[in-house]
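Results of the structural survey
Below, each chain spelled out in residue letters.
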Amino acid sequence: MPFETKVAEQKHFLESLVGLGEPGSLAIDLGCGSGFQSLALADLGYRVLAIDTNEWLLRTLKERSASHPINATCGDILEIETLAGPASADVVVCMGDTITHLPSFGAVSELVGAVARILRPRGQFVVTYRDLAAVELEGLDRFIPVRSDDQRIMTCFLECTSAETVVVNDLIHVRDDHGWTLHKSRYQKLRLPAEWLLGQMRASALSATRQPHAAMIAISAMKLRT
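1. Regarding the overall build of the protein chain
Scanning the protein chain for helices and strands turns up five helices and eleven strands. Here the protein chain has a C-alpha radius of gyration of 18 Å; the compact-globule value for 226 residues is 17 Å, and the two agree. Seen through its C-alpha atoms, the protein chain measures out along the principal axes to roughly 55 × 40 × 30 Å. Sorting the 226 residues of the protein chain into buried and exposed places 46% on the buried side. Taking as baseline every contact in the protein chain between residues at least 6 positions apart, the subset at least 24 positions apart corresponds to 58%. Working note: accessible area of the protein chain is about 11700 Å², and carbon and sulfur atoms make up 51% of it. Between the averaged position of the 22 positive side-chain charges in the protein chain and that of its 27 negative side-chain charges there is a distance of 3 Å.

Here it is, written out as structure tokens:
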């Protein structure tokens with residue numbers, strides 16, 4: 001999918017949840033990657049603090065967002081309170097599976113609490129991620145085609161290592177003038193039940209509900225307390 005198409009898709013999704021930004025409204029994009037959500041939020045009228053640990057992706061975002069009010073910052077999303085003060089953000093998003101890359105359920109709870117503290121009253125928190133908790137895939141069902149075109153074929157296979165974690169193995173075949181080359185990577189992700197995450201949000205004084213989404217778990221939450 002072209003980058004611009006993905007930005008437009010995310011803009012439509014986010015506008016339905018957080019609306020247009022008022023002058024000076026701050027949105028924070030946790031795990032911003034190359035900037036689908038950051039650019040979408042900027043197009044909706046927010047000034048954006050975009051945070052990621054991948055400096056190459058941040059450089060790409062800076063190149064694409066030169067005319068947008070986006071501050072692309074290298075940092076750990078678990079240290080968000082060192083980058084944003086209490087009750088300073090109108091919107092916080094953590095999308096595209098970022099939250100499942102955290103090291104533990106405890107780290108997820110820590111992040112939810114931090115987000116609740118940096119949100120203004122009636123500020124909103126939006127999370128999306130793939131549901132790896134509902135079903136434990138077995139046998140050949142563990143092999144999942146991700147995307148493919150004439151130059152690249154990406155497949156992953158999953159190893160459920162516990163009730164809380166899964167190991168994702170990515171196999172990427174890339175074609176160049178010399179033929180096909182296989183690139184491999186392996187990493188752990190969390191299997192987060194939606195009801196557990198909803199409970200963590202509500203325990204942090206966030207009014208949280210699931211939202212319709214074709215491919216992922218989507219949750220939006222609003223800060224209740226002043």
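2. A word on the environment of Ser65
Mapped onto the elements, Ser65 comes out in the loop between helix H3 (55-64) and strand S3 (70-74). Owing to a relative accessible area of 4%, Ser65 belongs among the buried residues under this scheme. Along the sequence, Ser65 and Gly35 sit 30 residues apart, while their C-alpha atoms lie 8.5 Å from each other. Residues within four places of Ser65 in sequence aside, it is in contact with Leu39 and Ile70. Among the polar contacts listed, one links the side chain of Ser65 to the backbone oxygen of Leu61, at a separation of 2.7 Å.

3. Topic: the sheet that holds strand S11 (residues 217-223)
Read across the sheet, seven strands follow the order S3-S2-S1-S4-S5-S11-S10 without closing on themselves; strand pairing throughout is mixed. With partners counted over all chains shown, the strands left at the sheet margins are S3 and strand S10 (206-211), one partner each. With strand direction ignored, the average angle separating the axes of adjacent strands in the sheet is 15°. Summarising the sheet, strand S5 (residues 119-129) and S11 pair through six bridges and their orientation is antiparallel. Within the sheet, the bridge partner assigned to Val127 lies in S11 and is Ile219. Contacts between helix H1 (residues 3-18) and the sheet are confined to strand S4 (89-94), S5, S10 and S11, with S5 contributing the most and set at about 145° to the helix. Here H3 sits on the sheet and contacts strand S2 (47-52) and S3; the angle it forms with S3, its principal contact strand, is near 165°.

4. So, the nonpolar core
Residues Ile28, Leu30, Val92, Ile99, Phe125, Leu197 and Met201 are the most contacted members of the largest nonpolar core, which totals 37 residues. Only strand S1 (26-30), S2, S4, helix H4 (105-118), S5, helix H5 (194-203), S10 and S11 provide two or more residues apiece to this core. The greatest single-element share of this core, amounting to nine residues, is contributed by H4. Each residue touching Phe125, except ones within four places of it in the same chain, is listed here: Val92, Cys94, Val112, Val115, Leu119, Met201, Leu206, Ile219, Ser220 and Ala221.

5. Things to note about the pairing of S11
Each regular strand shows side chains that alternate between the opposite faces of the sheet. In terms of residue burial, S11 counts as a mostly covered element, since six of its seven residues are buried. As judged from the six bridges shared by S10 and S11, these two strands associate in the antiparallel manner. Paired with Ser207 across the two strands is Met222, which belongs to S11. Counted between consecutive antiparallel strands, the loop separating S10 from S11 contains five residues.

6. Describing H4
Compared with the 20 Å implied by 1.5 Å per residue over 14 residues, the 20 Å span of H4 between its first and last C-alpha is a close match. Summarising burial for H4: ten of the 14 residues are buried, a large majority. Within H4, the full set of buried residues consists of Phe105, Ala107, Val108, Leu111, Val112, Gly113, Ala114, Val115, Ala116 and Ile118.

7. Examining the pattern of salt bridges
Within this structure, the stated rule accounts for seven salt bridges. Across the pair Arg117 and Glu81 runs a salt bridge, and its minimum N-O distance is 2.8 Å. In this pair, Arg117 sits in helix H4 while Glu81 sits in the loop between S3 and S4, placing the two residues 36 residues apart along the sequence. A residue is classified by how much of its surface remains accessible, and Arg117, at 45% relative accessible area, is partly exposed. In the salt-bridge network here, residues are joined through shared partners; they are Asp97, Arg130 and Lys189.

8. Quick look at the side chain of Gln10
Among the secondary structure elements, Gln10 is positioned in helix H1. According to the relative accessible area criterion, Gln10 is buried, its value standing at 7%.

About the thresholds
- Residues numbered from 1 in each chain as written.
- Predicted model: local features only at pLDDT ≥ 70, side-chain atom pairs only at ≥ 80, totals over all residues.
- Heavy atoms only, no water.
- Helix = DSSP H or I, 4+ residues; strand = E, 2+ residues; numbered from the N terminus.
- Rg over C-alpha atoms; globule rule 2.2 N^0.38 Å.
- Buried < 20%, exposed > 50% of the residue type's maximum accessible area, 1.4 Å probe, protein only.
- Contact = heavy atoms within 4.5 Å.
- Areas by Shrake-Rupley, 256 points an atom, 1.4 Å probe, with all protein chains shown as cover.
- Lys, Arg positive; Asp, Glu negative; His and termini not counted.
- Charge placed at Lys NZ, Arg CZ, Asp CG, Glu CD.
- Polar contact = N/O pair within 3.5 Å; in protein donor to acceptor, adjacent residues only side chain to side chain.
- Pairing = 2+ DSSP bridges.
- Axes fitted to C-alpha atoms, helices over the stretch in contact; angles between N-to-C directions.
- Core = buried A, V, L, I, M, F, W, Y, C linked by side-chain atoms within 4.5 Å.
- Expected span 1.5 Å × (residues − 1).
- Salt bridge = Lys/Arg side-chain N within 4 Å of Asp/Glu carboxyl O.

Remember, this is a structural readout, not a statement about activity or role.
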